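Observations on the model geometry
Residues per chain, in single letters:
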Amino acid sequence: MAISESLQKMPLAGKLCCWLACMQSLTVIGLEISILVIVLRNVENVFSSWSSDKCVAIYFMLFIIAMLYELFLIVSGVMNGDTIQVIGFCVFNLFVVSLTIFRYFQVRTWLLNKVLVVGTEVFGMIRAQMIATVAVIAGMTVVFAVLTYFVYHAFGWEIYKRVGADMKIRRMYIDYRLLVLLLKIDFFVFIGFAVSYIILILKSTDPEFAVTVAFVPVTLFVLSLAFWSLRRESAITMWVFVFLLCASTAYFVFKCARMYDPKQSEKYASQIPMMTYYTIISLVVMAATLYQAIACLANFGYGLKQRIEITRGKRSDMEQIQDYYINAAGDRRMNLDG
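The paragraphs below set out a description of the structure included in this document. (Residues numbered from 1 in each chain as written. Predicted model: local features only at pLDDT ≥ 70, side-chain atom pairs only at ≥ 80, totals over all residues. Heavy atoms only, no water.)

**Overview of the overall build of the chain**
Within the chain, the secondary structure is distributed over 12 helices and two strands. Starting at the N terminus, the α and β elements of the chain follow one another as α-α-α-α-α-α-α-α-α-α-α-α-β-β. Counting over 338 residues, the chain shows a buried share of 51%. Counting contacts in the chain only where the partners sit at least 6 residues apart, residues at least 24 apart contribute 75% of the total. When the accessible surface of the chain is totalled, it reaches about 16,500 Å², and 68% of it is carbon and sulfur. (Helix = DSSP H or I, 4+ residues; strand = E, 2+ residues; numbered from the N terminus. Buried < 20%, exposed > 50% of the residue type's maximum accessible area, 1.4 Å probe, protein only. Contact = heavy atoms within 4.5 Å. Areas by Shrake-Rupley, 256 points an atom, 1.4 Å probe, with all protein chains shown as cover.)

**So, the nonpolar core**
Phe92, Phe95 and Phe241 are the most contacted members of the largest nonpolar core, which has 86 residues in total. The element that contributes the greatest number of residues to this core is helix α6 (residues 167–201), accounting for 15 residues. Apart from residues no more than four positions distant in its own chain, Phe95 is found in contact with Phe188, Tyr277, Tyr278 and Ile281. (Core = buried A, V, L, I, M, F, W, Y, C linked by side-chain atoms within 4.5 Å.)

**Some details on the pattern of salt bridges**
According to the stated counting rule, one finds three salt bridges in the structure shown. The partner of Asp82 in a salt bridge is Arg177, with the nearest N and O atoms 2.6 Å apart. Here Arg177 lies in helix α6 and Asp82 lies in the loop between α3 (55–79) and α4 (83–114), a separation of 95 residues in the sequence. Pair check on accessibility: Asp82 and Arg177 agree, each one buried. (Salt bridge = Lys/Arg side-chain N within 4 Å of Asp/Glu carboxyl O.)

**Description of unusual backbone geometry**
One non-glycine residue, Glu233, adopts positive backbone phi at about 55°. Checked against the element boundaries, Glu233 lands in the loop between α7 (207–232) and α8 (235–259).

**Some thoughts on the environment of Ile84**
Within the secondary structure, Ile84 sits in helix α4. Note on Ile84: relative accessible area 13%, which makes it buried. Separated by 93 residues in sequence, Ile84 and Arg177 have C-alpha atoms that sit 6.8 Å apart.

**Considerations on the packing of α8 against helix α10 (residues 272–299)**
α10 packs onto α8 with a crossing angle of 160° between their chain directions and a minimal axis gap of 10 Å. By the criterion of interaxial angle, the relationship of α8 to α10 is roughly antiparallel. As α8 packs across α10, the resulting crossing turns out to be left-handed. (Axes fitted to C-alpha atoms, helices over the stretch in contact; angles between N-to-C directions. Parallel < 35°, antiparallel > 145°, perpendicular 65-115°, else oblique. Left-handed = near helix turned anticlockwise from the far one by under 90°.)

In short, geometric facts, not functional conclusions.
Below, the structure written as structure tokens:
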């Protein structure tokens, strides 16, 4: 019932964003499947070694997950009236565009160097699909940016309705939503890096293998801890998250430095450009998350939790919220504008 009501109240720009995101996902997934099928049919032993020969399959998997994750971001953002998440979706889409560009050159290098006889022919067969993938996502990013402008204006009233006119509370609420968005993006970035690193770089006999595999469930725990701490305004557990995030940052820096270690050059040689770029993006996202986590920590205890609890959960409250506003003390007052 709540979902159908959300769909009915969704602005036209929001509906267009959701439908176009679905079309983008289906189109890109179809192109990726065609690329993978062509490579599997024409290149032998693609999965024979635990190395860069699996790059096509890994990139295929990353793009499939990215498209589905983008769909989750935009649909949940529009249905919840979360303009910050809608804007984050556009930024994430731009990030995926950059990945498709890197993937184009990475796959071309792999085919021409690893498959000497048929590499040029196979690359010619998939070149159009890879360019089409870049064009579709890049073009849709521009469209989404325009639609986001209208979504922002359509939902601009939502923040006021949810937290009132107090500018301090509104600023804290924006900090809160930014951290929630960054934690969602962290999930994709961390898991994508770990899976790519495990399959493209490491072997099961490497000492780092077990550590990197363990990194996945640890990441899930750390991000869940952050969500819980933010909702409960638990300063102790949020500081634990900040400490663990600093440790993760050090881990990523170590991984990046290791790629350029002459002793490890053979292992990383073919994947350095893509993995370095992905690591840098991961570090940027972690730095933003760290900054935002500390900003939210500074906001704990100033009434944001109580303000959010007033308007969260019951749909009837959200429907009636237009009839009142919330003052600085967190009390409901009748809205005389109605």
